[in-house]
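Understanding the architecture of this molecule
The lines below spell out each chain.
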Amino acid sequence: MHNKSVAELSRELESGKISSVELTHQFLDRLKQEDGKYNSFITITEEQALAEAKAADEMRAAGKATAWTGVPFAHKDIFCTNGVRTTCGSKMLENFVPPYDATVTGKFRQAGAVCLGKTNMDEFAMGSSNESSYFGAVTNPWGLASGQKRVPGGSSGGSAAAVAARLVPAATATDTGGSIRQPAALCGVTGLKPTYGRVSRYGMIAFASSLDQGGTMARTAEDNALMLNVMAGFDPKDSTSIDREVPDYTATLNEPLKGLRIGLPKEYFSDQLSPAMEEQVRNAVKEYEKLGATVKEVSLPNAKLAIAAYYVIAPAEASANLSRFDGVRYGYRCEDPKDLMDMYTRTRAEGFGAEVKRRILVGTYALSHGYYDAYYLKAQKVRRLIQQDFAKAFQDVDVLMSPTSPSPAFIQGEKTNDPVTMYLEDIFTIAINLAGLPAMSVPAGFVDGLPVGLQIIGNHFAEARLLNAAHQFQQVTDWHQREPQ
Amino acid sequence: MQWDIVIGLEIHVQLATRTKIFSGSSTAYGAEPNTQANAVDLAMPGTLPVPNENAFRYAVMFGLAVNAEIGRRSMFERKNYFYPDLPKGYQTTQLEQPIVGPGYVDVDLANGETKRIRIHHAHLEEDAGKSLHEDYHGMSGIDLNRAGTPLIEVVTEPDMNSAEEAVAFARKLHSLVTSLGICDGDMSQGSMRFDVNISLKPKGSDQLGTRTETKNLNSFRFMEQAIAHEVERQMDILEDGGRIVQETRLYNGDRDESRSMRTKEEANDYRYFPCPDLLPVVIDDDFIEDARSHLPELPDALKARFKEQYGLNDYDAGLLSGDAKLAAFFEEAAEHGKDAKLAANWIQGEFSARLKAEDKSVAESPISGAQLGDLVVRIADNTVSSAGAKKVFEALWTGENDNVDAIIDAKGLKQVSDTGALEAMVDEVLAGMPDQVAQYQNEEDPKKRKKMLGGFMGPLMKASKGQGNPKLFNEILVKKLGG
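Residues numbered from 1 in each chain as written. Chains lettered and ligands numbered in written order. Predicted model: local features only at pLDDT ≥ 70, side-chain atom pairs only at ≥ 80, totals over all residues.

**Observations regarding the overall build of chain A**
Along chain A, the regular secondary structure elements total 15 helices and eleven strands. Each principal axis of the C-alpha distribution contributes one length, and for chain A these read about 65 × 55 × 50 Å. Looking at chain A as a whole, 59% of its 485 residues qualify as buried. Look at the contacts in chain A between residues 6 or more apart in sequence, and 76% of them connect residues 24 or more apart. (Helix = DSSP H or I, 4+ residues; strand = E, 2+ residues; numbered from the N terminus. Buried ≥ 20, exposed ≤ 12 C-beta atoms within 10 Å, placed from the backbone. Contact = placed C-beta atoms within 7 Å.)

**Let's talk about the overall build of chain B**
If you tally the helices and strands in chain B, you get 15 helices and 15 strands. Taking 483 residues into account, the globule formula puts the C-alpha radius of gyration at 23 Å, and chain B, at 30 Å, lies well above it. Seen along its three principal axes, the alpha-carbon backbone of chain B occupies a region of about 95 × 55 × 55 Å. For chain B, the proportion of contacts with a sequence separation of at least 24, taken over those separated by at least 6, is 69%. (Rg over C-alpha atoms; globule rule 2.2 N^0.38 Å.)

**Some points on the interface of chain B and chain A**
Each partner contributes to the interface: chain B provides 26 residues, whereas chain A provides 35 residues. Residues belonging to the side of chain B that touches chain A are distributed by class as follows: 18 nonpolar, three polar and five charged. (Nonpolar A, V, L, I, M, F, W, Y, C, P; charged D, E, K, R; others polar.)

**Quick word on the pairing of strand E11 (residues 450-458) of chain A**
Residues and elements named next belong to chain A. E11 sits mainly inside the fold: nine of its nine residues count as buried. In terms of strand pairing, strand E9 (residues 399-403) meets E11 through five bridges, oriented antiparallel. Bridge pairing in E11 links Val399 to Gly458. Bridge analysis of strand E10 (residues 439-447) against E11 gives seven bridges, and the strand direction is antiparallel. For Met440, the partnering residue across the bridge sits in E11 and is Ile456. Where E10 folds back on E11, the antiparallel hairpin that results is connected by two residues, among which Asp448 adopts a positive phi of roughly 50°. (Pairing = 2+ DSSP bridges.)

**Regarding the environment of Glu69 of chain B**
Here Glu69 of chain B shows up in the loop between helix H1 (53-65) and strand E2 (73-74). Not counting residues up to four positions away in its chain, the partners in contact with Glu69 of chain B are Gly101 and Pro102 of chain B.

**Side note on the packing of helix H9 (residues 306-321) of chain A against helix H12 (residues 373-393) of chain A**
Residues and elements named next belong to chain A. Close contact between H9 and H12 brings their axes to 9 Å; oriented N to C, the two are set at 125°. On the basis of their axis angle, the class for H9 and H12 is oblique. Two packed elements cross with a definite hand, and for H9 against H12 that hand is left-handed. Contacts from Ala306, Ala309, Val312, Ile313 and Ala316 in H9 reach Tyr375, Tyr376, Ala379, Val382, Arg383 and Ile386 in H12. Grouping the amino acids of the contact of H9 with H12 by side-chain chemistry returns ten nonpolar, no polar and one charged. (Axes fitted to C-alpha atoms, helices over the stretch in contact; angles between N-to-C directions. Parallel < 35°, antiparallel > 145°, perpendicular 65-115°, else oblique. Left-handed = near helix turned anticlockwise from the far one by under 90°.)

**Some remarks on the UniProt feature "domain: Amidase" (unreviewed entry) in chain A**
As recorded in UniProt, the sites labelled "domain: Amidase" (unreviewed entry) are residues 22-467 of chain A. Taken end to end, residues 22-467 of chain A comprises 36% helix and 14% strand; its first and last C-alpha atoms sit 31 Å apart. (UniProt positions renumbered as here; feature names shortened; annotations may be inferred.)

**Comments concerning the UniProt feature "active site" (unreviewed entry) in chain A**
Residues and elements named next belong to chain A. Following the UniProt record, one finds the feature "active site" (unreviewed entry) at Lys76, Ser155 and Ser179. The largest pairwise C-alpha distance within this set of annotated residues, which runs over 104 residues, is 11.2 Å, so the set is compact in three dimensions. Position of Lys76 among the secondary structure elements: in strand E2 (residues 72-76). On the basis of neighbour counts, which here come to 33 C-beta atoms within 10 Å, the residue Lys76 falls in the buried class.

**Re the nonpolar core**
Grouped together as the largest cluster of nonpolar side chains are 206 residues, with contacts concentrated most on Ile456 of chain A together with Ala59 and Phe62 of chain B. Among all residues touching Ala59 of chain B, those that are not within four sequence positions of it are Ile99, Val100, Ala122, Leu124 and Ile152 of chain B. (Core = buried A, V, L, I, M, F, W, Y, C linked by C-beta atoms within 7 Å.)

**Things to note about the sheet that holds strand E3 (residues 77-80) of chain B**
Residues and elements named next belong to chain B. The antiparallel open sheet is built from three strands, whose spatial order is E4-E3-E14. The sheet terminates laterally at strand E4 (90-93) and strand E14 (273-274), the two strands that pair on one side only. In the sheet, E3 pairs with E14 via two bridges, with the strands oriented antiparallel. Across the sheet, the residue bridging to Arg78 is Phe273, located in E14.

**Considerations on the domain arrangement of chain B**
Residues and elements named next belong to chain B. Domain boundaries in chain B define domain 1 (3-290), domain 2 (297-410) and domain 3 (419-481). If you average the C-alpha positions of domain 1 and of domain 2, the two centres end up 35 Å apart. Counting residues at the interface gives seven residues for domain 1, matched by seven residues for domain 2. Mapped by element, the contributors of at least two residues to the side of domain 1 that touches domain 2 are strand E5 (103-108) and helix H2 (163-180). (Domains from an automatic or database assignment.)

**Some points on unusual backbone geometry**
Of all residues except glycine, most have a negative phi; of all peptide bonds, most are trans. Residue and element names in this part refer to chain A. Cis geometry marks the peptide bond from Gly154 to Ser155, where omega comes out at 10°. Assignment of secondary structure puts Ser155 in the loop between strand E3 (114-119) and helix H5 (157-164). In this structure, Phe124 is a non-glycine residue whose phi angle is positive, near 50°. Take Phe124: it is sitting in the loop between E3 and H5. A positive phi angle, near 65°, is found at Asn130, a position not held by glycine. For Asn130, the location among the structural elements is in the loop between E3 and H5.

**Details of the sheet that holds E5 of chain B**
All names here are of chain B. The strand order across the open sheet built from eight strands is E5-E6-E9-E1-E10-E11-E12-E13, with neighbouring strands paired in mixed fashion. Each edge of the open sheet is held by one strand with a lone partner, namely E5 and strand E13 (257-263). Shown here is a sheet whose adjacent strand axes are inclined to one another by a mean of 30°, direction ignored. Pairing between strand E1 (residues 3-14) and strand E9 (residues 150-156): five bridges, direction antiparallel. What sits directly across from Glu10, in E9, is Val155.

**Notes on helix H11 (residues 354-367) of chain A**
Taking 1.5 Å of rise per residue, the 14 residues of H11 of chain A would be expected to cover 20 Å, and the 20 Å separating its terminal C-alpha atoms lies within 8% of that figure. All buried positions along H11 of chain A are accounted for by Val356, Arg359, Ile360, Gly363, Ala366 and Leu367 of chain A. One side of H11 of chain A holds all its buried residues, which, seen down the axis, span an arc of 130°. Seen from the buried face of H11 of chain A, the exposed residues on the opposite side, beyond 90 degrees, are Ala354 and Leu361 of chain A. On the buried face of H11 of chain A, the contacting elements are H9 and H12 of chain A together with E14 of chain B. (Expected span 1.5 Å × (residues − 1). Arc of directions from axis to C-beta.)

Here's what the structure looks like:
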């Protein structure tokens, strides 16, 4: 069962061959047995999962089943879950149990899905390797045979590793600068970051509010479509969510790709990319040509400024978003504070990890009196230029394609002491967040036995087209079905 | 040396919306601590703000009432600082694009002049919670019921030159926001709070001096005292050749003392930046016209109408139009009572004194405008004397009876105004007091004669059992006694 997709499991449940309770037991057993190798979960919610499975079986018996009813999955530990601790990968929230659901978790609950637990992540979603988690690094299921532990990417590394290791068929994830696509690429799974505003951010713990977007991770494009069907939609609790009709994303998966216009941004095929990686990506593009697509080179002239702009805007927003973790109302509080200032400084010094502190410092600096214009305002101007680059490119093409990451999964510890090298992991993904666009990462080959991701970028609200393009590719390739040994 | 005083005000006005500016929690005052704070108000992780449309409507109404430009594209910024009663670690406020732009208010001064005070802008923001420092055994308590209550902060130009002008402006603003119904105006509950910026400059100089800001004054009296105190403090320093330090000060009204809270150098760097959780709010023509259609008659228009329609003088009209509830009470009394001037006198006299004595607002008055109007009718048509009317008022106030005529009957307060009957009584009383009559008639000094007239009134009132119309008695006496 663990090799089946959400769509397949849904059919199994529908046919009555297996109950959700049985299925959930199987997945929980496997999860408890296997996850020691990966550390992809922070919390396993066995009791709640079995209760949800029982309720799902009743829901099905009552004739009220949805495609998700009774299907096991997991939430990234950034989504608040009513009654289940939500840590955001931080000591600060080690014992935080929210009394409310995120809109996304509420929607899965309503659909009758069975949540097995909360997946590991970089602390407050800040990282590209999942090594900044207070609950320990996550190990990529790929490359273990060589005897070296590799990173799964980040920040949604727990979700990516869990899906790749067949611990769950699907998991929610979030993407602020590449946090869905880069781990999906490094773990050989399929991930989608929707258009900014497509999925509610309510109850999703904020890192950088203007960039954060909840999204999907599974092995197939079809499962991503099933996830987005549940997650997408306007939420009156999120002023930045967009009131726009949600299509059935599975309905257009089988549209032919004949005439699809693909653009290859020349800046994303630079010398940052190894020849081996480039070859895999170009081979994938050739598959699309075989499916009837046309390909042309396009330019995103300001793409090279994206990392610099992002590392001003994201930390600036984070510095304010993380101010609420002050030890006053919830979360970690230092022992025996001697006064208010002592409580603030020690709570935050002890509760946050190094990368989080680094970004709070950078963001605070960028917003400071006398520096605001030079950093924050300048970065916002760059952001507009980047948006214009994409708008111009989409006048001539339907989708853009590029590698998702500059290199495959690297060895744990390799980049931890060099934050700038680590930040360059997101060199091909970050501009998409700055422009608020949807993008996917689709498994597209291997280099040295490690998965390579193809990034497909669409115009605003082109999720259906991206899923269609990914699904058609997966009908003629089997990269997404390969299983790590 | 002679000094010019320069004063500018920042006024925090709590908006009377039912729910908070970014959450659905109630804004009602006085609930148990932290019972009106939901996940958003507590800044729980992942929660997001959703703007309250009514707060925008109230702010636009305010803008229209102070003749201001309305900001068509309104933005929110985050103002970052740490304090335990500020749950998010930042206050959501407006900096670059406030909802209300430049405007003005005309203020009537005691000397009869009218002064125009310019409004620099007014912006929407959220209130913080409260820190409670007593009764927690060396610790502090936090009550977040107030956190997220909508405020408009009104910022004036430095157009006021005395405590009197500043207080007159503050009162006018109070009258405006309560008339608009956008603020309950209850200063004791912090519904309006004033920060006063004060500087001194040599008389006639066009160079502004260094200013201080005295924060969080919550009564007109404290505001007046604080200004007087600060002007004196600055004057002492300047006249001793010292320099004013730009700083924020706190004034203790009970002790008439102030102390420095922080200097400019110690000021926070608030690191304002646009709040990414809130989109810019676009205010269109329809929204403005809708707000305009909700505007009540404002104090200035009301005052003009009171003078025109009821023939009130400037002072009475100003006083009665200053408070929307009082104005409504007056109009009800004037309509029932026919004699508007007499109604105005009773409202400013007996009625206001009684409210003040019992620390009640107009809304809490046990008597209605209509009842007072009925009483005014009976005073005007001579049914009751003014002494009798006070007894009727008392009975209405205490709730002894709610009908004016029934009280007059029950208490036997009806005056005898039948001239024939009164003349007969005068004849009888004068016949019994020949010596006094003679004395009166021999007196040349009209002042003394007038005084002696009073000597006959006592016996006359006694003879009429207190029910004779004193005014008529007086007229008859003068006629009978001759000149």
